[in-house]
Amino acid sequence: MPRDNKTPLIQKIARKAYSTFKDLNNSSNGDHKALSDKNSELIALVTAVRAADLKIAPRKTKAGSGAAELQSPPVTYMHICETDAFSMGVFLLRTGASIPLHDHPGMNGMLKVLYGKVSIRCFDKLEDSLTAKTPPPLFEPPLSPFQTGSLRRSVLRSIGEFSEESGPCLLTPQQDNLHQIDAVEGPAAFLDILAPPYDPDDGRDCHYYKVLRVAEEAGADVKANEEQQGEEKEKEKEMWLLEIPQPDDFWCGGEPYPGPPVSI
Ligand SMILES: [Fe+2]
């Protein structure tokens, strides 16, 4: 195959994402292995992308934050392209910023860090949320009766740190579909590919969640034990989530994408 050194990497990613996800979205098979198999070429391209490929200069941590800094959004988004098969853009996180726990209903995703470092906690939603025979436990603080309809059972699937040297973090409709993303030790940015794109009119709206604390786990002995065993113990652990409105301290601004133009 002739080498193609003229086409920008982001254009190659867009073309490969379109061909890959157009097929994947049309099939009902969205499991992790199928995505990995079909997407190996796309994953290789995404793994290679760096901030410089998108003409994005890594931001430095600002010394002291004035009023303007406090009023600017904690997270901004650069839109690159969107088709019926996928959307692609870049999220930029300020120092200390988080993208709260949220879902991607019926969607696949790839997240590749361009600069800085992020911590990602991924959850699976368990389908039989409120049809389970066992009633929900008591929470700390207790829920009001009208909140029980917003309860979701889930399992914490993975906790990991990603930098520009890491491969992409993947999600599918079934696995790792919910995640929280925290900037670690300074500002960070990542390329985000979602397939198909969010579309509230087609059942793909973004919902936010918070992890609930079960009352019996609030005891000092349990807490000490958990801290001793660290995050490993938390993994694969069933957890209860409460669907919440978008948190007040999170909002996302927009800014222009400076990189090579992309066309499908
Ligand atoms: Fe996300």
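Residues numbered from 1 in each chain as written. Predicted model: local features only at pLDDT ≥ 70, side-chain atom pairs only at ≥ 80, totals over all residues. Heavy atoms only, no water.

- If you look the chain up in an unreviewed UniProt entry, it shows as 2-aminoethanethiol (cysteamine) dioxygenase a from Myripristis murdjan.

1. Looking at helix 3 (residues 40–48)
Then step 1. All of the buried residues along helix 3 are Leu 42, Ile 43 and Val 46. Seen along its axis, helix 3 keeps its buried residues to an arc of 100°; they face one direction. (Buried < 20%, exposed > 50% of the residue type's maximum accessible area, 1.4 Å probe, protein only. Helix = DSSP H or I, 4+ residues; strand = E, 2+ residues; numbered from the N terminus. Arc of directions from axis to C-beta.)

2. Structural notes on the packing of aromatic side chains
Then step 1. The tally for this structure, following the rule as stated, stands at four aromatic pairs.
Then step 2. Here the aromatic rings of Phe 139 and Trp 240 are separated by 6.1 Å at their centres, their planes lie at 70°, and the arrangement is edge-to-face. In this pair, Phe 139 is assigned in the loop between strand 4 (108–125) and strand 5 (151–162) and Trp 240 in strand 9 (residues 238–244), connecting sequence segments 101 residues apart. Judged on exposure class, the residue Phe 139 and its partner Trp 240 are both buried.
Then step 3. Geometrically, the ring pair formed by Tyr 208 and Phe 250 is tilted, given 6.1 Å between the ring centres and 55° between the ring planes. Here Tyr 208, found in strand 8 (residues 208–211), pairs with Phe 250, found in the loop between strand 9 and strand 10 (252–254); they are 42 residues apart in sequence, far enough to count as distant. (Phe/Tyr/Trp six-rings, centres within 6.5 Å; stacked < 30°, edge-to-face > 60°.)

3. Details of the coordination of the iron ion
Then step 1. Only His 102 (NE2), His 104 (NE2) and His 179 (NE2) from the protein coordinate the iron ion, and they sit 2.1 to 2.2 Å from it.
Then step 2. Sequence positions of the residues that donate to the iron ion give the spacing H-x1-H-x74-H. With His 104 in the loop between strand 3 (98–102) and strand 4 and His 179 in strand 7 (residues 178–195), the pair connects residues that are 75 residues apart, well separated along the chain. (Donors = N, O, S within 2.8 Å, 3.2 Å for Na, K, Ca; no water.)

4. Remarks on the pairing of strand 9
Then step 1. Two strands pair when backbone bridges link them, and strand 5 and strand 9 are joined in this way by five bridges, in the antiparallel orientation. Paired with Arg 153 across the two strands is Trp 240, which belongs to strand 9.
Then step 2. In this structure, strand 8 lies alongside strand 9, joined through four bridges in antiparallel fashion. Residue pairing for strand 9: Tyr 209 is matched across the bridge by Glu 243. (Pairing = 2+ DSSP bridges.)

5. Considerations on the environment of Ala 48
Then step 1. By the secondary structure assignment, Ala 48 is in helix 3.
Then step 2. Sequence separation of Ala 48 and Leu 114 is 66 residues, and the distance between their C-alpha atoms is 9.9 Å.
Then step 3. Sequence-distant contacts of Ala 48, that is, excluding residues within four places in its chain, are made with Leu 9 and Asp 53. (Contact = heavy atoms within 4.5 Å.)

6. A few points about the pairing of strand 2 (residues 87–93)
Then step 1. The element strand 2 is largely enclosed, with a buried count of seven among its seven residues.
Then step 2. Burial along strand 2 is two-sided: Ser 87, Gly 89, Phe 91 and Leu 93 and Met 88, Val 90 and Leu 92, pointing in opposite directions, are all buried.
Then step 3. Summarising the sheet, strand 1 (residues 75–82) and strand 2 pair through seven bridges and their orientation is antiparallel. Bridge pairing links Val 75 to Leu 93 in strand 2.
Then step 4. Hairpin remark: strand 1 followed by strand 2, antiparallel, with four residues in the connecting loop.

7. Regarding unusual backbone geometry
Then step 1. Of the consecutive residues Glu 140 and Pro 141, the connecting peptide bond is found in the cis state with omega at 0°.
Then step 2. Looking at where Pro 141 falls in the secondary structure, it is placed in the loop between strand 4 and strand 5.
Then step 3. Backbone torsion omega between Ala 195 and Pro 196 reads -10°, so that peptide bond is classified as cis.
Then step 4. Looking at the element boundaries, Pro 196 is found in the loop between strand 7 and strand 8.
Then step 5. The phi torsion at Asp 176 lies on the positive side, around 60°, for a residue other than glycine.
Then step 6. Mapped onto the elements, Asp 176 comes out in the loop between strand 6 (169–171) and strand 7.
Then step 7. According to the relative accessible area criterion, Asp 176 is buried, its value standing at 8%.

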